[in-house]
Amino acid sequence: MVALTIVAGTGNWFSALALGVTLLKCLLIPTYKHQMVVYIHHSTDFEVHRNWLAITHSLPISQWYYEATSEWTLDYPPFFAWFEYILSHVAKYFDQEMLNVHNVNYSSSRTLRFQRFSVIFTDILFVYAVHECCKCIGGKEVGKELTEKPKFILSVLLLWNFGLLIVDHIHFQYNGFLFGLMLLSIARLFQKRHMEGAFLFAVLLHFKHIYLYVAPAYGVYLLRPYCFTANKPDGLESAASSLFPTLSFQEGPLPCVLGSKLLGFVQCFGQSAVCHHLLSVGKAGDASVFLILTTTGHYSLFPLLFTAPELPIKILLMLLFTIYSISSLKTLFRKEKPLFNWMETFYLLGLGPLEVCCEFVFPLTSWKLKYPFIPLLLTSVYCAVGITYAWFKLYVSVLIDPPVGKTKKQ
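Residues numbered from 1 in each chain as written. Predicted model: local features only at pLDDT ≥ 70, side-chain atom pairs only at ≥ 80, totals over all residues. Heavy atoms only, no water.

## A few points about the overall build of the chain
Threshold: Put simply, DSSP marks the helices as runs of H or I at least four residues long and the strands as runs of E at least two long, and each gets a number from the N terminus on. When a residue's accessible area, from a 1.4 Å probe over protein chains only, is under 20% of the maximum for its type it is buried; when over 50% it is exposed; and in between it is partly exposed. Whether two residues are in contact is decided by their heavy atoms, any of which lying within 4.5 Å being enough. Here, Shrake-Rupley sampling with a 1.4 Å probe gives the accessible areas, and only protein chains in the shown set may cover a residue.
Within the chain, the regular secondary structure consists of 22 helices and zero strands. Per-residue burial for the chain yields a buried fraction of 50% across its 410 residues. Long-range contacts, defined here as pairs at least 24 residues apart, represent 74% of the contacts in the chain between residues at least 6 apart. Within the structure as shown, the chain displays about 19,800 Å² of accessible surface, and the carbon and sulfur contribution to it stands at 69%.

And the structure:
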């Protein structure tokens, strides 16, 4: 707290948060090597991206999507292929052998360090996008303390996101970079820079096609504030007013993001959770949905890290993030009703016994060899219930709560 106070006095608290999480990411660099060498744990995503580096570096463009020496063929849109191509020209200074298409399942300490640092470096875009989003957030001001301000809470929740830490920096993916594009697009829409926001989202789609889930939400939102404006024909404006009378960005695309992600569940959880951070500091109801969604969704990621040495790491990181999330949002909305009812509290507390059952009790039973899938089944079903509930709760609040525009008029 003393350090935060000093940093707050200089106005550099955001830089301190970004630097702090970057140092944590650097500390996590050895985790994969530790897994691979000692515990024979192998994240296929390392080999996937190594192979894509090799394909884009050593083959002509016409062969990128046809090369099949490895089972991990290049199956992302063109912008991501070019992203790998650019990275490959840095990778050659670390270990040239990783860029050989025929070196299937190749690994070395230099290769691992390059891949780890490439994720950390490209997270710069995510940090910038979080900064831009925080400039757009007002929220409730409940105290003079830095730690009680909505912008500070949102920054911590995004920059120190537990899901991104374990998926990108222990397991291995480039979600931070992609989420950065998405958040920056959302920030531009908040800033009424609609063309720029739409362009950034289009770029994002050319990096990873799974974001197509969000496209309908963007389309619906852009119809009202950009396509149907006062200088357009009266008929179109009238139709827009009838269809979307009080549509704000908080009430339009962001809830739709969660709904669309329900189709993809765990692999799409990160997109909905990261977007819902922006709503969490606005209203107590949205904060409640956010806490249920992130706590449940983060626990659903536990099976990604399944070796014994990883158990205390993932439990500790999740506990720290969850405790901070609940305590900070409870403080922010302390003058309103409790964030959880008894049923929601009971459900979230049930994650503890579920973890004990899956990690400690089940391995001791005779079912371990015959039904090894049971822990994963229990985790998936339990988390699916929570995420589905969060989706329904969000949409009920959107339908029942008075629209922002009408509330101000009254």
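Resuming the write-up.
## Section: unusual backbone geometry
Its identity as a non-glycine residue notwithstanding, phenylalanine 172 has a phi of 130°, on the positive side. Residue placement: phenylalanine 172 occurs in helix α9 (residues 162-172). Overall, the relative accessible area of 0% leaves phenylalanine 172 in the buried class. In this model, lysine 192 sits at a positive phi of 65°, which is unusual for a non-glycine residue.

## Some words on the state of the cysteines
Rules: Only a pair of cysteine sulfur atoms within 2.5 Å qualifies as a disulfide here.
Taken as a whole and judged by the stated rule, the model has zero disulfides. Summary of cysteine pairing: cysteine 134 is not part of a disulfide, and the nearest cysteine sulfur, belonging to cysteine 133, is at 7.0 Å. Residue classification places cysteine 134 among the buried positions, given a relative accessible area of 5%. Here cysteine 357 stays unpaired: no disulfide links it, and the sulfur of cysteine 358, its closest cysteine neighbor, is 5.2 Å away.

## Quick notes on helix α8 (residues 150-159)
Counting buried positions along α8 yields nine of ten residues, so the element is predominantly enclosed. Of all the positions in α8, only Pro150, Phe152, Ile153, Leu154, Ser155, Val156, Leu157, Leu158 and Leu159 are classed as buried.

## What about the environment of glycine 352?
Here glycine 352 shows up in helix α19 (residues 351-361). Taking C-alpha positions, glycine 352 is 10.0 Å from tyrosine 299, a pair spaced 53 residues apart along the chain.

## Concerning the nonpolar core
Cut-off, in case you're wondering: Residues belong to a common nonpolar core when they are buried Ala, Val, Leu, Ile, Met, Phe, Trp, Tyr or Cys residues joined through side-chain atoms within 4.5 Å.
Counting residues in hydrophobic clusters, the biggest one holds 102 residues, and the most contacted among them are Leu183 and Leu329. Excluding residues within four positions of it along the chain, leucine 183 makes contact with Phe126, Ala129, Val130, Cys133, Leu158, Val274 and Leu278.

## Structural notes on the pattern of salt bridges
To keep it simple, the criterion reads: Throughout this description, the term salt bridge denotes a Lys or Arg side-chain nitrogen within 4 Å of a carboxyl oxygen of Asp or Glu.
If you walk through the whole model with that rule in mind, you get nine salt bridges. Salt-bridge contacts for arginine 50 lead to glutamate 47; the nearest nitrogen and oxygen are separated by 2.9 Å. Within this pair, arginine 50 and its partner glutamate 47 are both found in helix α4 (residues 44-58), separated by three residues, close to a single helical turn. By the burial criterion, arginine 50 is buried, and glutamate 47 matches it. Measuring nitrogen to oxygen at the nearest pair gives 2.9 Å for the salt bridge that ties arginine 188 to glutamate 196. Taken together, the shared-partner salt bridges in this structure form one network comprising Glu132, Lys135, Arg188, Arg193 and Glu196.

## Re the packing of helix α18 (residues 342-349) against α19
Test applied: Axis geometry follows a simple rule: fit a line to the C-alpha atoms, using only the stretch in contact for helices, then measure angles between N-to-C directions, giving values from 0 to 180 degrees. Note on angle classes: values under 35 degrees are labelled roughly parallel, values over 145 roughly antiparallel, values of 65 to 115 roughly perpendicular, and the remainder oblique. Nonpolar residues are Ala, Val, Leu, Ile, Met, Phe, Trp, Tyr, Cys and Pro. Charged residues are Asp, Glu, Lys and Arg, and all others, Gly as well, are polar.
Following both chains from N to C, one finds α18 and α19 inclined at 20°, their axes separated by 4 Å at the closest point. Relative to α19, the element α18 is oriented roughly parallel. Mapping the contact onto sequence places Tyr347, Leu348 and Leu349 in α18 and Leu351, Gly352 and Pro353 in α19. Classifying every residue of the contact of α18 with α19 by side-chain character gives five nonpolar, one polar and no charged.

## So, the side chain of threonine 294
Here is the rule we go by: Whenever two N or O atoms come within 3.5 Å, that pair is a polar contact, provided that in protein one can donate a hydrogen and the other can accept it, and provided that, for residues adjacent in sequence, both atoms are side-chain atoms.
Relative to the assigned elements, threonine 294 resides in helix α16 (residues 284-300). A distance of 2.8 Å separates a polar atom in the side chain of threonine 294 from the backbone oxygen of phenylalanine 290.

## Brief notes about the environment of phenylalanine 177
Within the element layout of this structure, phenylalanine 177 appears in helix α10 (residues 175-190). On the basis of relative accessibility, which here comes to 12%, the residue phenylalanine 177 falls in the buried class. Taking the C-alpha atoms as reference points, phenylalanine 177 and isoleucine 124, 53 residues apart in sequence, are found 7.6 Å from one another. Once residues lying within four places of it in the same chain are set aside, the contact partners of phenylalanine 177 are Phe83, Thr122, Asp123, Leu125 and Phe207.

## A look at a nonpolar patch on the surface
The following threshold applies: Patch membership is restricted to residues that have no salt bridge and whose relative accessible area is over 30%. Joining uses 9 Å for like charges and 5 Å for the nonpolar side chains Val, Leu, Ile, Met, Phe, Trp and Tyr.
On the surface, Phe373, Leu377, Val381 and Val385 cluster together into a nonpolar patch covering about 370 Å² of accessible area. In this fold, leucine 377 is placed in helix α21 (residues 374-400). Its relative accessible area of 47% is what places leucine 377 among the partly exposed residues.

## Thoughts on the packing of helix α5 (residues 78-91) against helix α11 (residues 194-207)
If you want to describe how two helices pack, look at the angle between their axes and the distance between the axes. Close contact between α5 and α11 brings their axes to 5 Å; oriented N to C, the two are set at 75°. Considering the angle they form, α5 stands roughly perpendicular to α11. Here α5 contributes Pro78, Phe79, Phe80 and Phe83 to the contact with α11, which in turn contributes Val203, His206 and Phe207. Its residues placed into classes, the contact of α5 with α11 shows six nonpolar, one polar and no charged.

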